[in-house]
Structure formats: structure tokens, C-alpha cells
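What follows is the residue order along each chain.
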Amino acid sequence: MSGSKVYTLEEVAKHNTKDDCWLVIGGKVYNVTKFLEDHPGGDDVLLSSTAKDATDDFEDVGHSTTARAMMDEYLVGEIDAATIPTKVKYTPPKQPPYNQDKTPEFVIKILQFLVPLAILGLAVAVRIYTKSESA
């Protein structure tokens, strides 16, 4: 493998069509054009993983040992790791508190208790009223 060609991500990214599809998986570059039609997940799955490091996409699916063995057939070289952008850890934006209308939490807790109690009282009153009318 010491004589294998080293590609930049920019070079690999140019191969992103059904007629010419290359993927970067585990630091290696694979020309999977001939495999597009045979891929069990369809060609769209492979095409959506072009122009980036597809290692996570490949590992998340949980490929069989047979699938991993097939990869050697499509190997064309290695990727220059310096050309792959570093992953930035996603930090979600700060979200405002749920209580956006500024109603004091105490009032909300009282209402959460009183509204069901009022409904129950109304149901009992209706039951008593309808029972006394039928008697």
C-alpha cells in the first residue's frame, strides 16, 4: 500500500455523479461507480456521501464483513488527512425558557390544579342536576 496514490478531498469531491462516484472511508479512497447499481441501499445513499469523509455514514449502517471485504476491490488510493476539514462539535443554541409569557410559575401551578378540579366539579353538578330531574 506504500505505492498507493494520495488524493486531496478536493480531487475526490469532483467524482460525485452516477458515472463517476468516489467515496472516502477510513482514510482510503474508493471508486464505487461500478457498485452503484448493486448497492442494497440504492445509489442515492452512496451519492449523498460523496465530497466528504463518509466513514461515519459507513459505520452507522453496520456493514457486514462481506461488505467490508468487497471494499478492497474498489480501492484507488488514500486521502490526504490534512485536506479533510476538522469536525466542529455542535452546540445547540441557547433556548429561552418555556415560560415566554412571563406568567409567574406559581399562577401556572395553581391553574394546573384548579382547572381539572373545576371540570370535575362541573361534571358532578351536571350529574346531580340530571339525576334529580329524572326522579
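Computed from a predicted model, the values in this text were never measured in an experiment.

Draft legend 1. Looking closely at the packing of aromatic side chains. Following the criterion strictly, the structure yields two aromatic pairs and no others. Centroid distance Y7 to W22: 5.1 Å. Interplanar angle 80°. Geometry classified as edge-to-face. Residue Y7 is located in strand β1 (residues 5-7), and its partner W22 is located in strand β3 (residues 20-25); the two are separated by 15 residues in the primary sequence. Its relative accessible area of 12% is what places Y7 among the buried residues. Arranged with centres 5.6 Å apart and planes meeting at 45°, the rings of F35 and Y74 form a pair that is tilted. Of this pair, F35 sits in the loop between β4 (28-31) and α2 (43-47) while Y74 is found in the loop between α4 (65-70) and β5 (75-79), placing the two residues 39 residues apart along the sequence. Residue classification places F35 among the buried residues on the basis of a relative accessible area of 15%. It is K5 that lies over the ring of Y7; its NZ or CZ is 5.0 Å from the centre.

Draft legend 2. How the structure looks around the pairing of β4. One ladder, built from four bridges, connects β3 with β4; its direction is antiparallel. Looking at the pairing, L23 lines up with Y30 of β4. As consecutive antiparallel partners, β3 and β4 are separated by two residues, and within that stretch G26 has a phi angle of approximately 60°, a positive value. The pairing of β4 with β5 spans three bridges and is classified as antiparallel. The residue bridging K28 from the neighbouring strand is E78, located in β5.

Draft legend 3. Main features of the sheet that holds β3. If you trace the five strands from one edge of the open sheet to the other, you get β1-β5-β4-β3-β2, paired in mixed fashion. Across the chains shown, the open sheet's two edge strands, defined by having one partner strand only, are β1 and β2 (16-17).

Draft legend 4. Just the pattern of salt bridges, in detail. Scanning all chains against the criterion turns up three salt bridges. One salt bridge in this structure joins D43 and K18, with 3.2 Å as the shortest N-O distance. Here D43, found in helix α2, pairs with K18, found in the loop between β2 and β3; they are 25 residues apart in sequence, far enough to count as distant.

Calculation notes
Residue numbers restart at each chain and count upward from 1, following the sequence in its written direction. Only residues with pLDDT of at least 70 are given local features in this predicted model, and only at 80 or more are side-chain atom pairs given and counted; all residues enter the totals for whole chains, interfaces and linings. Hydrogens and water molecules were not included; the side-chain quantities draw on all heavy atoms of the structure. Planes of paired rings set the category: under 30 degrees apart is stacked, over 60 is edge-to-face and the rest tilted, where pairs are Phe, Tyr or Trp rings (Trp by its six-membered ring) whose centres lie within 6.5 Å. Counting from the N terminus, the helices are the DSSP runs of H or I reaching at least four residues and the strands are the DSSP runs of E reaching at least two. Relative accessible area decides the class of each residue, using a 1.4 Å probe on protein chains only: under 20% of the type maximum gives buried, over 50% gives exposed, and in between gives partly exposed. In this scheme, Lys NZ or Arg CZ marks a charge over a ring once it lies within 6 Å of the ring centre and within 35 degrees of the ring normal. At least two DSSP bridges between two strands are required for those strands to pair. Here a salt bridge means any side-chain nitrogen of Lys or Arg lying within 4 Å of a carboxyl oxygen belonging to Asp or Glu.

Don't take any of this as a statement about function, it's just geometry.
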